[in-house]
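# Residue-level structural notes
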Amino acid sequence: MSSAAPTIGEQRAVVGETEATKKFRPADDEVMAVRVRGLVKRYRDGTEANRGIDLDVRRGETLSILGPNGAGKTTFLRQITSELRPTAGTIEIFGVDAIARPQQVKRKMGITPQEAGVFETLTVREHLELFARLKGLARDEAHESTSEIIHELDLDRETSRRVGQLSGGQRRRILIGLALLGQPPLLVLDEPTTGLDPASRRTTWAVIRKAVARGTTVVLSTHYIEEAEHLSDRIGIISEGRMIALGPLDELLARLPKSYRLSYRASLEQPRVQYFATFDAAQQYAVQRGMAEYSLARASLEDVYFELTGHRLEAEEPAEEIARCPA
Amino acid sequence: MPSLSAIICIFRIHLARLRAEAGPFLLAALIFPSAMYLFANAISSSGADQQNRSRFLAGSIVFSLSLTAISWLGYLLLENRFTGRLKLFATLPLAPSSYVFGILVFGIVQAALGCSALLIVARLLGVRTQMSVWPLLVSVLLIMLCLSGLSVIIATRARSFSEGSLLTDSLGAGLVFLAPVYYSPAVIPKFLRAVSEWLPTALGARAVQAALGGSYALGDQMILGAMALVTLSLGFKLMQFREN
């Protein structure tokens, strides 16, 4: 990670300001939900997990952060939430210096860490209510907020069960519920739906969308392309400690020089993928090679991600052999 | 700054643990020290006279406190840290000192339960005491604070759960058996005597024995208080929710 060689992203990402980007460019005097400047995190062993990240997140915006394992996503989020002290740089949350005043900024945040334990001997209601009280909610507010979140997260039938008796997915939903308690203006969610089944994932997305509809700002990291596409106003891609791309989905897609994706399987080979500049070029290629079975589609965020990082996300997808076609 | 409301919540969160695991707690805090009391009585060379019985009871109370404060509370702190539960607290606008105080209150309540149970058992076994309540309460509180401070230090510095558990288990029992709690200081090798007599468990045992005899050992309590101040201050300093 400390290599000085330019990354794939550095070589390829060209930041051009489109209309969509302008929408998210803050006014000079606007107080951002999150403002990060020159963020560097260097660990004692010399590893540079973040290498000068700048980021503005406007109020009410949903930003998803994508990146391969070890890219520095969690380190980045842990610094925003004051869990980790940066080596250099500044972080402001709603205009408050998060490095100097961690307790103050935590009052404005709901946080779901990537790996956190729950208290198994508490019931679901006790767990949420006690943490609501720890967030500073009055007894009645804590009770009300807990009831609402239990319902939103579809945990009504588990209210009186001990957390230790719940499934892994239900426990993960409790962690998300803890972040939502008290309707904080900023949610920072580190891989909130990892380990959830598809139905629970959609329930969680609905809860996040509901929070966004109330005006909540959301910063989340994810391994799921679909999650980033569904939830985000903008998507940031972190690779080797740097934010190598940041923008709305359309803008990121527009960066692909070859934006048509041809997937096919030749005899018993692994599935293959090739990219083409035009639909016709892709179709012609398929016809020329007499392909009996293939699919042709516009490139997706997954393709942008691969183009920028050289990695694939979502390991559950079948492995594909990727070729960059000269066409 | 710690807040009373937060301390109560932390206490309640951990109290649920006691609710679910009362059996092992009783085993650690009552049965083991009671057995040690009987064992010490049985092998006592000077016969089980009342003075010896009182000393053994004081020793068993300190043993119970040591198991509660170091072994059990230490385990809990380590578990919170290494299973990611501490991260949940770190996400909140919560002072680390509130967390430590909440855990301390939990430990003190357990200590009160354990000591009360031991005193009842001792009475059933025929130990006669002229107990002074306040000196006993103060002594128990100081022992708990001092030993809990050690737990916090271990839990914050341990590099792994197993390393921390090994330390708390060794220290929980070791501090009692290295100190002249169940035996006379005269049997300890000279080079160890100076150290062992100043261990918090030794000071605590003397203070508890004095309280059981109807008096109080102000000097021992003061030194114990100073030790509690040092261990807790260090514990508070080391307990941080933000990593470097």
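Residues numbered from 1 in each chain as written. Chains lettered and ligands numbered in written order. Predicted model: local features only at pLDDT ≥ 70, side-chain atom pairs only at ≥ 80, totals over all residues. Heavy atoms only, no water.

The subject of this paragraph is empty space enclosed by the protein. Over the atoms rolls a probe the size of a water molecule, and in doing so it shows where empty space is left. Tallying each qualifying case throughout the model produces two cavities of 30 Å³ or more. The volume enclosed by the largest cavity comes to roughly 50 Å³. The wall of the largest cavity is formed by Ile111, Phe131, Lys135, Leu178 and Ala179 of chain A together with Leu88, Thr91 and Leu92 of chain B. Among the residues making up the lining of the largest cavity, the classes are represented as six nonpolar, one polar and one charged. As a volume, the second largest cavity reaches approximately 40 Å³. As for the second largest cavity, its lining consists of Ser34, Tyr37, Leu57, Ser60, Leu118, Val121, Ala122 and Leu125 of chain B. Going through the elements one at a time, helix H2 (22-43), helix H3 (50-82) and helix H5 (96-124) of chain B are the ones with two or more residues in the lining of the second largest cavity. Ranked by the residues each element gives to the lining of the second largest cavity, the list is headed by H5 of chain B, at three residues. (1 Å grid on protein atoms, 1.4 Å probe; cavity = no way out; pocket = protein on both sides within 12 Å on 5 of 7 lines; lining within 4 Å. Points joined across faces, edges and corners; volume = space filled by probe spheres on them. Nonpolar A, V, L, I, M, F, W, Y, C, P; charged D, E, K, R; others polar. Helix = DSSP H or I, 4+ residues; strand = E, 2+ residues; numbered from the N terminus.)

We note that the domain assignment places domain 1 (29-108 + 215-256) and domain 2 (257-298) within chain A. Each of domain 1 of chain A and domain 2 of chain A has a C-alpha centre, and the two are 36 Å apart. (Domains from an automatic or database assignment.)

Quick look at the environment of Tyr43 of chain A now. Residue and element names in this part refer to chain A. Note that Tyr43 resides in the loop between strand E1 (34-42) and strand E2 (48-57). You can call Tyr43 partly exposed: its relative accessible area is 27%. Measuring from C-alpha to C-alpha, the distance between Tyr43 and Pro86 comes to 9.5 Å, with 43 residues separating the pair along the chain. When neighbours within four sequence positions are excluded, Tyr43 is seen to be in contact with Ala49, Thr75 and Leu84. (Buried < 20%, exposed > 50% of the residue type's maximum accessible area, 1.4 Å probe, protein only. Contact = heavy atoms within 4.5 Å.)

Take the sheet that holds strand E5 (residues 96-97) of chain A next. In sheet architecture, strand pairing relies on hydrogen bonds along the backbone and comes in two forms, parallel and antiparallel. All names here are of chain A. Spatially, four strands are ordered E2-E1-E4-E5 in an open sheet, and the strand pairing comes out antiparallel. Each edge of the open sheet is held by one strand with a lone partner, namely E2 and E5. Of the strand pairs in this sheet, strand E4 (residues 88-93) and E5 are connected by two bridges, and their pairing is antiparallel. Following the sheet pairing, Ile93 is matched in E5 by Val96. Its contacts with the sheet place helix H3 (residues 73-80) against E1, E2 and E4, and it is angled at close to 120° to E1. (Pairing = 2+ DSSP bridges. Axes fitted to C-alpha atoms, helices over the stretch in contact; angles between N-to-C directions.)

Before going further, it helps to examine the environment of Leu142 of chain B. Mapping Leu142 of chain B onto the fold places it in helix H6 (residues 133-157). Sequence separation of Leu142 of chain B and Ala226 of chain B is 84 residues, and the distance between their C-alpha atoms is 9.3 Å.

Residues and elements named next belong to chain A. A contiguous patch of negative charge, built from Asp140, Glu141, Glu144 and Glu148, is present on the exposed surface. Tracing the chain through its elements places Asp140 in helix H6 (residues 139-152). Under the relative-accessibility criterion, Asp140 is labelled exposed at 63%. (Patch = residues over 30% accessible without salt bridge, like charges linked within 9 Å, V, L, I, M, F, W, Y side chains within 5 Å. Areas by Shrake-Rupley, 256 points an atom, 1.4 Å probe, with all protein chains shown as cover. Salt bridge = Lys/Arg side-chain N within 4 Å of Asp/Glu carboxyl O. Lys, Arg positive; Asp, Glu negative; His and termini not counted. Charge placed at Lys NZ, Arg CZ, Asp CG, Glu CD.)

Residue and element names in this part refer to chain B. Packing of H3 against helix H7 (residues 161-177) brings their axes to within 8 Å, and their N-to-C directions diverge by 170°. By the criterion of interaxial angle, the relationship of H3 to H7 is roughly antiparallel. From H3, Val62, Phe63, Ser66, Ile70, Ser71, Gly74, Tyr75, Leu78, Glu79 and Phe82 reach across to H7, where they touch Phe161, Gly164, Ser165, Thr168, Asp169, Leu171, Gly172, Ala173, Leu175, Val176 and Phe177. Split into classes, the residues belonging to the contact of H3 with H7 amount to twelve nonpolar, seven polar and two charged. (Parallel < 35°, antiparallel > 145°, perpendicular 65-115°, else oblique.)

On to the interface of chain B and chain A, then. With 29 residues of chain B in contact, the opposing surface of chain A contributes 32 residues. Counting the surface lost from both chain B and chain A, the interface buries some 2900 Å², and carbon and sulfur atoms represent 58% of this. Sorting the residues of chain B by area buried against chain A places Leu88, Pro93 and Arg242 of chain B first, and these three jointly supply 26% of that buried surface. Connecting chain B to chain A are three salt bridges. For the pair chain B and chain A, the interface holds 15 residue pairs in polar contact (both at pLDDT 80 or more). Sorting the residues of the side of chain B that touches chain A by element identifies helix H1 (4-20) and helix H4 (85-90) of chain B as the ones contributing at least two each. If one sorts the elements of the side of chain B that touches chain A by residue count, H1 of chain B sits on top with eleven residues. Taken together, the residues of the side of chain B that touches chain A sort by class into 15 nonpolar, seven polar and seven charged. (Buried area = accessible area lost by both parts, 1.4 Å probe. Polar contact = N/O pair within 3.5 Å; in protein donor to acceptor, adjacent residues only side chain to side chain.)

Turning next to a nonpolar patch on the surface. Residue and element names in this part refer to chain B. Taken together, the side chains of Met131, Val133, Trp134 and Leu137 present a nonpolar region at the surface, about 440 Å² in accessible area. The topology assignment puts Leu137 in helix H6. On the accessibility criterion, Leu137 (46% relative accessible area) is partly exposed.

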